[in-house]
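Structural features, examined
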Amino acid sequence: MTAWGDLIKAGHSWIHVLQIGGIPYVFTEIEALRVDASAAPGLPSGFDAWAPALMIKEGMQVGVRIDRQTGFAAGDALDLTLSWDGLASGGSQTSDLRLDIFQSPSKITTITADVDASTGSKAVASTSGWSANHAHIGTERVAVSVVDGTHLNFTARGQSGSRANVYSVRSPTFSRVSDRPLVWRGREVTLWRQLVSPEGRVIDETWCDSSSTYSRVLWRGYIDAPPKPSTEGMTLRALPLIRRASLPIGHDVQASIYEMMPVDKKDNHDEWSAALYGFPVFAAPGTIQMIWRWEQVNGDVVNGQFEIGLTHPDGVFTLGAFAEAAYSGYTGTSGGMFEGVDASSASDKPLSQPPNVFWNGQQYVIEFRFQTVSSLVEEGGTYVHVPSGGAYFLEPGTYYAQNHSGSGGLLKDGFTSIVLPVLINNFYLPSGYWLPVVQTEGTEWQDVALPVTGFGIIEHGDGKKVIEWDAKIDSFGQWTSPDLTMLRVKTVHKSLGLPRVWSGSTLNYVSGTEGTVKTALLTLLESSGAANRGTYDTLGVGQGCGIHEDQVDEVSLSKPGITDYLMTLYAKGRTSVAELLGGHFALRQMCLVQRCTDPDSTEAGAAISGDCLITLVDAEAPIVDDSSPAISISEAVLEAVEAPEAAEVPNMLELTLSTLLVANEETMTIQDVPRIQAEGPRAHSYTAPGLTAPEALQLAASIIAQGDGQMILTIRCAPWVEVQPGDAVRLTMAHPMIYDYETATRAPSAVGARCLGWVSSLYDGMQTFTFLLGGATPGAGYLCPSVEILSKPSSTSVTVGAGDLKWLDQASTVLVYTPGQEQSGTPQAVQYTISTISGTTVNFTTSLASWVGAGSVITYPLVADSNARQARFTHNADTYRLS
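None of the values given here were measured: they were computed from a predicted structure. Numbers given to residues run from 1 along each chain, matching the order in which its sequence is written. Where totals are concerned, whole chains, interfaces and linings use all residues; where local detail is concerned, this predicted model gives features only for residues with pLDDT of at least 70, and gives and counts side-chain atom pairs only at 80 or more. Side-chain measures here rest on the full set of heavy atoms in the structure, leaving out hydrogens and waters.

Some remarks on empty space enclosed by the protein
Both site types are read off a 1 Å grid over the protein atoms alone. A 1.4 Å probe that fits but cannot get out defines a cavity, while an open set with protein on both sides within 12 Å along at least five of seven lines defines a pocket; lining residues have an atom within 4 Å of a point. Grid points are joined across faces, edges and corners, and a volume is the space filled by probe spheres set on the points. Evaluated as defined, the whole model comprises two cavities of 30 Å³ or more. When its volume is computed, the largest cavity comes out at roughly 120 Å³. Considering the residues around the largest cavity, the lining is formed by 14 residues, among which Arg193, Arg216, Pro719, Glu722 and Gln767 are closest to the centre. To qualify as a helix, a DSSP run of H or I must reach at least 4 residues; to qualify as a strand, a run of E must reach at least 2; elements of each kind are numbered from the N terminus. Looking at the lining of the largest cavity, the elements with two or more residues in it are β14 (215-223) and β47 (751-761). Looking at side-chain class alone, the lining of the largest cavity contains eight nonpolar, three polar and three charged residues. The volume enclosed by the second largest cavity comes to roughly 40 Å³. Together, Trp292, Arg293, Trp294, Met337, Val341, Phe370, Thr382, Tyr383 and Ile418 line the second largest cavity. With three residues, the top contributor of residues to the lining of the second largest cavity is strand β19 (residues 287-295). Nonpolar residues are Ala, Val, Leu, Ile, Met, Phe, Trp, Tyr, Cys and Pro. Charged residues are Asp, Glu, Lys and Arg, and all others, Gly as well, are polar. Partitioning the lining of the second largest cavity into residue classes produces seven nonpolar, one polar and one charged.

Overview of the sheet that holds strand β27 (residues 397-400)
Judged by pairing direction, the sheet is antiparallel, and its five strands sit side by side in the order β22-β20-β19-β26-β27 without closing on themselves. If you trace the sheet from one side to the other, it starts and ends with β22 (333-334) and β27, each paired once. At least two bridges found by DSSP between two strands are what make those strands a pair. Here two bridges tie strand β20 (residues 301-308) to β22, and the two strands are oriented antiparallel to one another. Looking across to β22, one finds that Ile308 is bridged to Thr333. Contacts were defined at the residue level, with two residues in contact if any of their heavy atoms lie within 4.5 Å. The axes are straight lines fitted to the C-alpha atoms, using for helices just the contacting stretch, and the angles between their N-to-C directions are given from 0 to 180°. Of the strands in this sheet, β19, β20 and β22 are in contact with helix α5 (residues 319-328), which crosses β20 at around 145 degrees.

Some words on the packing of aromatic side chains
By convention, a stacked pair of Phe, Tyr or Trp rings (six-membered ring in the case of Trp) has centres within 6.5 Å and planes under 30 degrees apart, an edge-to-face pair has planes over 60 apart, and any other such pair is tilted. Counted according to the given criterion, the structure contains 25 aromatic pairs. Aromatic side chains Phe317 and Phe322 sit 6.0 Å apart centroid to centroid with 80 degrees between the ring planes, which places their arrangement in the edge-to-face category. Like Phe322, Phe317 is buried. Measuring from ring centre to ring centre gives 5.6 Å for Tyr383 and Tyr400, while their planes differ by 65 degrees; the resulting arrangement is edge-to-face. In this pair, Tyr383 sits in strand β26 (residues 383-386) while Tyr400 sits in strand β27, placing the two residues 17 residues apart along the sequence. Since its relative accessible area comes to 45%, Tyr400 is described here as partly exposed. Ring pairing ties together the aromatic residues Tyr258, Phe279, Phe306, Phe317, Phe322, Tyr330, Tyr392, Phe393, Tyr428, Tyr433 and Trp502, which thus form one cluster. The residue whose ring lies beneath Lys107 is Trp130, and the NZ or CZ to ring-centre distance is 5.6 Å. A positively charged side chain is recorded as over a ring if its NZ (Lys) or CZ (Arg) lies within 6 Å of the ring centre. The angle to the ring normal must also be within 35 degrees. Against the face of Trp184 rests Arg187, its NZ or CZ located 5.3 Å from the ring centre. Think of it in three bands: with a 1.4 Å probe and only protein chains considered, a residue is buried below 20% of the maximum accessible area for its type, exposed above 50%, and partly exposed in between.

Some details on the pattern of salt bridges
The term salt bridge refers to a side-chain nitrogen of Lys or Arg lying within 4 Å of a carboxyl oxygen of Asp or Glu. Throughout the structure, instances matching the rule amount to 24 salt bridges. In this structure, Arg716 engages Asp764 in a salt bridge whose closest nitrogen and oxygen atoms are separated by 3.8 Å. Placement of Arg716 in strand β43 (residues 711-717) and of Asp764 in the loop between β47 and β48 (767-773) is noted, with a sequence separation of 48 residues between them. You can call Arg716 partly exposed: its relative accessible area is 32%.

Structure follows, in structure tokens:
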């Protein structure tokens, strides 16, 4: 029982409080005073007022349920109504809030340049009528002041529970800045339960106090529909936060890569050369591209360097224009070779000849020609040097001049040439290379233009190459190409076959990432394009769910198979996090859910006590002991215990393991043929891209083995019961609807169960739980944990990671050992008893051996010395089995 639960049993109650992202008002269920003063609770930071407008009616409920087939939980929508009366008066409001948030804006302007997540001056169409105040853009509330007639200063971002986002001028809705909210769908919703005394006074001094154990986040979600007026008030439909993982991410965007080497015209070198001349390249303004030297046999010497000036608007050229600029100058460049020699004091100046870019039969080249007149060029002293780190499309090195004879010898008809290799090859695409593409699908706001950063898959024939880019250019200063986009290659993640990049290949925008299941999940959950949702917010707009890392229990992801091997995880076009990763969880009999944390303390993986987090939990029938939470006859409504139903377990699993980098779709069918013959096929399909075939086989077999009599039981319980989806629970109700297969007992005194579903009534607090019972299938145990020792402060104490404390208990016996030395002649493996645990320091009743230190491991002791909790885990004994 928690302290929260004890207060509920003692007569305390609660009221519900609602926060909506970007709306500066707190909506409460009633108008209430504090227990310690004749005043209402104060406001959380960033909010302007509170109003008693939240309507809680009979039948309203929140909940979540584990889906063992998809690996991602589900939950029903919640209709939240703000009453007309509560919006109009009461609380601390000074005006009718209906006029502030549910009225059309009186001021609207649009951004005229893309906006990032930073503060500062932002270009808008007009600031007429604006003054220093607040504004709304998308689902975000910002503080603004006027800079001038076309700029607003965003002085603060992500106000009143919203989060700073990035905005594109292409968007027809998220490009508008208004003085009242325009956009409602997608706003975050946080529903709090706040304890009140038996006489109805609020215990906390502040509404929604995240530091208090008398307030808890009961439910998180997001608005799914625009506000809808009703008889009672304005209704907002909200969905559980976990359902963001099922929303489509990614975009149907395709582009053609600039073609220079068409396979069907492999002998047409003139066409190849013409395509080379128009090949778009980037040379960063302010950089030196070439260093050159001109020497003639008469002793004249001219030195120079070709540089892209800072005055050049964007550094984009065609390769032909780049060669011409390097030869004779171009707007925004300096140091052209012929230009430099011609302007020098050299006595014998060459005649101008345009440079040439062409295919010489082996590679692409740029040739600089100088027609000689009277004096021969000194070949060893005339050269062009391409520095390392310069132009990515030129091969670094020093290239010397060569004299050539014309029909009149080395005089009027002779010429000198310097040839530079161009790094364009079908199988060459290093980091830093700019890829010119023309978008063919998903243009403008109808889907999305190619973003500044993203992933794509280059395809040509059977060849594939997954790339990541980190910059783009699609606006050009000195030439017009409205369909062209330049993407800078950050990494080529993986290749399959030999795709011909410059021979008519296509680029498909893909969703996904590379890493472990854990890092892939966190990247896809957090990524928003704004890079402010957490460590893993690294993908572009529309490539992730935009969920903040504080709303995800990262500690729960530290499970076998989730953190221990790398995979590539990509999907073309639109997909969802659930589609990409659900199979990995379901096959391991886990599920990603949103669940409430301990209201009395801050759990590992949580930022506050009493939160609602996205968490990875187990979903199979458990082995329980006396340390597991119990539901007794005093907590359950016995007449509301429904007859158990059989849990659906497949005997045939169809697995899809392929990713975009597999030539043919890799599928597996795992089936229990004798069982199918006896009971007929019962098939489930799972998609787990990147999972290895041996592990898939093992996991599928373990699921089939669970098919012997698992049961689903539904129980209605009291409001103070603290059980959430994923919890292993002891049912001690001795109810006749429950049967213990292990002892063949009706109404057993105790039986283990896994919570698969939780529903809480907002009206009276009664809860309905759905439990999974093992039935004839034995519960699954776990391997004993391995807790690594980080340091040894004293002879009787060690420190461990905060996330490992959950495996250790005071007064319990543990085994400490050195990996690899536990079976040596003098074993470094000794059992000790824990006396106390303080923070991350574990103290023992006796001194530790000298070899115990950083890197040593704590695990559970021999079976005979284990307590009830430790006995749930797998030991080296015949009576135990691996899960």
